[in-house]
Amino acid sequence: MSGRSRRRAGGGRRPARRASCYVHPTALVASTAELDTDVAIGPYALIGPHVRLGRGTTVGPHAVIEGHTTIGAENQIFQFAAIGAVTPDLKYRGEDSQLLIGDRNSIREFATLHAGTAGGGLVTRVGDGNLLMPYTHIAHDCTLGNHNILANGAQLGGHVTLQDYVNVSALAGVHQFSKIGESAIVGAGAMVAQDVAPFCNATGDRAVLYGLNLVGLRRRGFSEETIATIKRAYRMIFRSHLRLAEALEQARSELPGTPEIERFLRFIASSERGLCRPAPRRSGDSESPAE
C-alpha cells in the first residue's frame, strides 16, 4: 500500500496526542477533562469537562462519558456506552452528582450508567473488576462491589446494592432499593423485588430462591466444609418453621462462627425490604442438592 493510500485508509489525519495519551482526531475531549497516562480515546467518542480517566483506561468509538464522572485505572469502555448522564428520575433537580468507577472494569456496548441523586447521597458507585455486558443499565445511586457480572440486558433500578461476585443473568431486572448479597446468582429473566441473601440462587417472576449458587461458591474456592455449613444455615433460615428472629438465633448458637456465616446472617438480619424466599415445596418434592 502506498503512503497516499495509507493516509486515506487512516482518515487522512494523524491521531492527536495529549501527554502520553492517544486521542483520535474525531474524538471530542473537553479541555478541562483529566486524562492520566496511557489513556486511549477512540473515534467520535465524547469526553465531558468534569470527567477524570485513570491510567490505561480505553474508550471505544462513539462512547459518551459526561457529568462529574471519575473512572479509575485499566478500564475498558466499549463503543456506544453512555456513562455519567444525569438520571431520568423525576425527583432529580439538577444537583451536582457523581459517578465513581473503580479499576479494571469492562463496560460493554450500549451499557448505561447514571449519576446519583440527592436521595442517595449524590453518588453512584461501581467497584473493581466488574463486567457489564451489552445493554446493561446501572441506575442512579446504585452501589456495586467487586467482580460482579451483569449479562446482556440486565437492569438495576435506583438505589440497588450488589455486593461482590454477584451474577445477574441476561434480561433480569432488580427493583429499586433491593440488595443482592455476595456470590448470589439471579437467573435469566428474573424479576427481583426483594433482597437476595448471599450465596443464594434467585430465579423466576417474581423471583424465589432455588437453594444456593453452588457453582459460584466452588469457583470462588469455597471448601466443601464451608459449603456444607452454608447449606445448614440456609435450611435453618429458609426451610425451618421458625420465625426469622428465632431462626437467626438458632443459627448463631449452633453454627460455627465462620466469616461466611457471619456475613450471611448479618445480611439477613439487616434486610429492610424483605427477603426473597424459597418457593413452597409441593407434596413429594425431594430436597435439592443446592439446599
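So, a few notes on the structure that sits alongside this text.

Inspection of the secondary structure puts S97 in the loop between strand 12 (82-85) and strand 13 (98-101). Classification of S97 by relative accessible area gives buried; the value is 7%. For the pair formed by S97 and T69, sequence separation is 28 residues and the distance between their alpha carbons is 8.8 Å. Those residues within four positions of S97 in sequence are excluded, and the remaining contacts are H68, Y92, A115, G116 and L122.

Read from one edge of the open sheet, nine strands run 3-6-9-12-15-18-21-24-27, paired in parallel fashion. Because the sheet does not close on itself, it has two edges, and the strands there are strand 3 (28-29) and strand 27 (191-192). Inspection of the sheet shows strand 9 (residues 64-65) paired to strand 12 by two bridges, in the parallel sense. Opposite V64, over in strand 12, you have A82 as the bridge partner.

Right, let's talk about the layout of surface pockets for a bit. In this structure, the largest pocket occupies an estimated 230 Å³ of space. Lining the largest pocket, in full, are H147, I149, Y165, V166, N167, S183, I185, N213, V215, G216, R219 and R220. By residue number, the principal contributor to the lining of the largest pocket is helix 2 (residues 214-219), which donates three residues. Per-class residue counts for the lining of the largest pocket are five nonpolar, five polar and two charged.

On to the sheet that holds strand 4 (residues 34-35), then. The eight strands are arranged 4-7-10-13-16-19-22-25 in an open sheet whose pairing can be described as parallel. At either end of the open sheet lies a strand with only one pairing partner, and these are strand 4 and strand 25 (179-180).

Here the amide bond leading from D205 into R206 is cis, since omega sits at -10°, within 30 degrees of zero. Here R104, not a glycine, exhibits a phi torsion of approximately 55°, which is positive. You can call R104 partly exposed: its relative accessible area is 48%. With phi around 60°, S183 is a residue other than glycine that occupies positive phi space. Mapped onto the fold, S183 is located in the loop between strand 25 and strand 26 (185-186).

Alignment of strand 26 against strand 28 (residues 200-203), held across two bridges, turns out to be parallel. Looking across to strand 28, one finds that I185 is bridged to N201. Here strand 28 runs beside strand 29 (residues 208-212); their pairing, made up of three bridges, is antiparallel. For T203, the partnering residue across the bridge sits in strand 29 and is V208. Hairpin connection, strand 28 to strand 29: the antiparallel pair is bridged by four residues, and G204 has positive phi, about 110°.

The rules behind each value
- Residues numbered from 1 in each chain as written.
- Predicted model: local features only at pLDDT ≥ 70, side-chain atom pairs only at ≥ 80, totals over all residues.
- Heavy atoms only, no water.
- Helix = DSSP H or I, 4+ residues; strand = E, 2+ residues; numbered from the N terminus.
- Buried < 20%, exposed > 50% of the residue type's maximum accessible area, 1.4 Å probe, protein only.
- Contact = heavy atoms within 4.5 Å.
- Pairing = 2+ DSSP bridges.
- 1 Å grid on protein atoms, 1.4 Å probe; cavity = no way out; pocket = protein on both sides within 12 Å on 5 of 7 lines; lining within 4 Å.
- Points joined across faces, edges and corners; volume = space filled by probe spheres on them.
- Nonpolar A, V, L, I, M, F, W, Y, C, P; charged D, E, K, R; others polar.

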